[in-house]
Amino acid sequence: MIRVKVCGTTSVHDAVLAAEAGADALGFIFAPVSKRVVTPQVAREAGLGVGPTVARVGVFLNQGLDEVLRLAEAARVGSVQLHGLLSSLYVEQVAAYYPVLRVVRPAELAAEADVWSGDPRVTLMVDAPEPGSGHALDWDALRAAFPPGAWLAGGLGPANVAQAIETLEPAGVDAVSRLETRPGVKDLAAVVAFVRAARSTVGPSYPQ
Ligand SMILES: O=C(O)c1ccccc1N[C@@H]1O[C@H](COP(=O)(O)O)[C@@H](O)[C@H]1O
């Protein structure tokens with residue numbers, strides 16, 4: 001079944017709404033440059049508010065290893081999502097502590113898929129070059145290179161997520177900017193519609 005992640009959660013209130021809407025995972029952005037940055041304390045409280053079945057993911061952009069591990073621990077997230085220009089060694093070091101969603105641009109996909117193929121600690125997520133911008137990718141152009149088991153992000157929302165899933169059969173989808181009334185504040189109707197639209201698809205045809 002397709003996994004649905006709602007990213008950019010900045011309050012306990014929005015975390016609970018997304019969980020009740022059926023999200024499998026919530027993303028908490030710890031990149032200081034983001035308009036959706038959240039403190040580890042709020043992320044931790046939000047995690048306690050949604051119960052044990054909703055995964056919590058810490059999201060980072062070009063941040064040092066110590067900072068990633070410190071914030072992830074303080075927030076009690078279960079996995080981390082790594083954006084940016086990062087060496088394989090760095091990703092390995094983080095993966096020694098947390099399962100990693102390694103975010104790559106379409107141009108980097110083939111090389112990164114080679115590096116991480118068969119490594120259960122690292123799952124690829126394909127996103128637009130500027131994370132959190134709401135720009136959708138050209139899914140048809142990605143079709144040949146999209147690896148089984150990879151996740152998809154980039155400009156996904158209620159109106160296009162089903163089409164994206166049907167085209168690429170990702171293992172999971174992730175969105176933020178099309179699910180907001182303003183940066184960092186969730187639009188409940190959009191979150192509900194996004195989860196529903198993603199679930200309306202049949203999901204990946206390969207074994208998970
Ligand atoms: O949204 C942000 O501000 C952000 C900042 C730093 C790293 C990641 C960020 N968001 C991620 O962007 C993608 C897709 O966003 P969108 O749906 O296209 O707006 C998603 O993976 C977010 O986790």
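Just so it is clear, the model here is predicted, and its values are computed rather than measured.

**Quick word on the overall build of the protein**
From N to C terminus, the protein includes 8 helices and 10 strands. Against the compact-globule benchmark of 17 Å for 208 residues, the protein has a radius of gyration of 15 Å, which places it among compact chains. Its C-alpha atoms give the protein principal-axis dimensions of roughly 40 × 40 × 30 Å. Across the 208 residues in the protein, those meeting the buried criterion constitute 43%. In the protein, the proportion of contacts linking residues at least 24 apart, taken out of those at least 6 apart, comes to 55%.

**Considering the nonpolar core**
Counting residues in each nonpolar core, the largest one holds 62 residues, and the members touching the most others are Ala 23, Leu 26, Phe 28, Val 80, Val 173, Ala 175 and Ala 198. Tallying contributions element by element places helix α8 (residues 188-199) first for this core, with 5 residues. Excluding its chain neighbours within four sequence positions, the residues that come into contact with Ala 23 are Val 4, Lys 5, Val 6, Ala 18, Val 54 and Val 195.

**Considerations on the environment of Ala 128**
Assignment of secondary structure puts Ala 128 in the loop between β6 (122-126) and α6 (139-142). Take Ala 128: there are 17 C-beta atoms within 10 Å of it, and that puts it in the partly exposed class. Each C-alpha atom, one on Ala 128 and one on Pro 99, is 22 Å from the other, the two residues being 29 residues apart in sequence. Once residues within four sequence positions are removed from consideration, Ala 128 is found in contact with Ser 133, His 135, Leu 137, Gly 154 and Gly 155.

**Some points on unusual backbone geometry**
Of note, Asn 62 is a non-glycine position whose phi angle comes to about 50°, a positive value. Along the chain, Asn 62 turns up in the loop between β3 (55-61) and α3 (65-75).

**Describing the packing of helix α7 (residues 161-168) against α8**
Between α7 and α8, whose axes approach to 8 Å, the crossing angle comes to 30°. In terms of their interaxial angle, α7 and α8 are classed as roughly parallel. Here the hand of the crossing between α7 and α8 comes out right-handed. Counted together, Val 161, Ala 162 and Ile 165 of α7 and Phe 194, Ala 197 and Ala 198 of α8 form the full contact between these two elements.

**Notes on the site of the ligand**
Near the ligand lie 26 residues; those nearest to it are Cys 7, Ser 34, Pro 131, Gly 132 and Ser 177. For the shell around the ligand, the secondary structure elements donating two or more residues are β2 (25-29), β3 and β8 (172-175). Residues belonging to the shell around the ligand are distributed by class as follows: 11 nonpolar, 10 polar and 5 charged.

**A short note on the packing of helix α1 (residues 12-21) against helix α2 (residues 40-50)**
Across the interface, α1 lies against α2 with an axial gap of 8 Å and an inter-helix angle of 35°. Pair α1 / α2 crosses with right-handed handedness. Of α2, the residues touching α1 (which contributes Val 12, Ala 15, Val 16 and Ala 19) are Val 42, Glu 45, Ala 46, Gly 49 and Val 50. Residue classes in the contact of α1 with α2 are distributed as 7 nonpolar, 1 polar and 1 charged.

Cut-offs applied
- Residues numbered from 1 in each chain as written.
- Predicted model: local features only at pLDDT ≥ 70, side-chain atom pairs only at ≥ 80, totals over all residues.
- Helix = DSSP H or I, 4+ residues; strand = E, 2+ residues; numbered from the N terminus.
- Rg over C-alpha atoms; globule rule 2.2 N^0.38 Å.
- Buried ≥ 20, exposed ≤ 12 C-beta atoms within 10 Å, placed from the backbone.
- Contact = placed C-beta atoms within 7 Å.
- Core = buried A, V, L, I, M, F, W, Y, C linked by C-beta atoms within 7 Å.
- Axes fitted to C-alpha atoms, helices over the stretch in contact; angles between N-to-C directions.
- Parallel < 35°, antiparallel > 145°, perpendicular 65-115°, else oblique.
- Left-handed = near helix turned anticlockwise from the far one by under 90°.
- Near = placed C-beta within 6 Å.
- Nonpolar A, V, L, I, M, F, W, Y, C, P; charged D, E, K, R; others polar.

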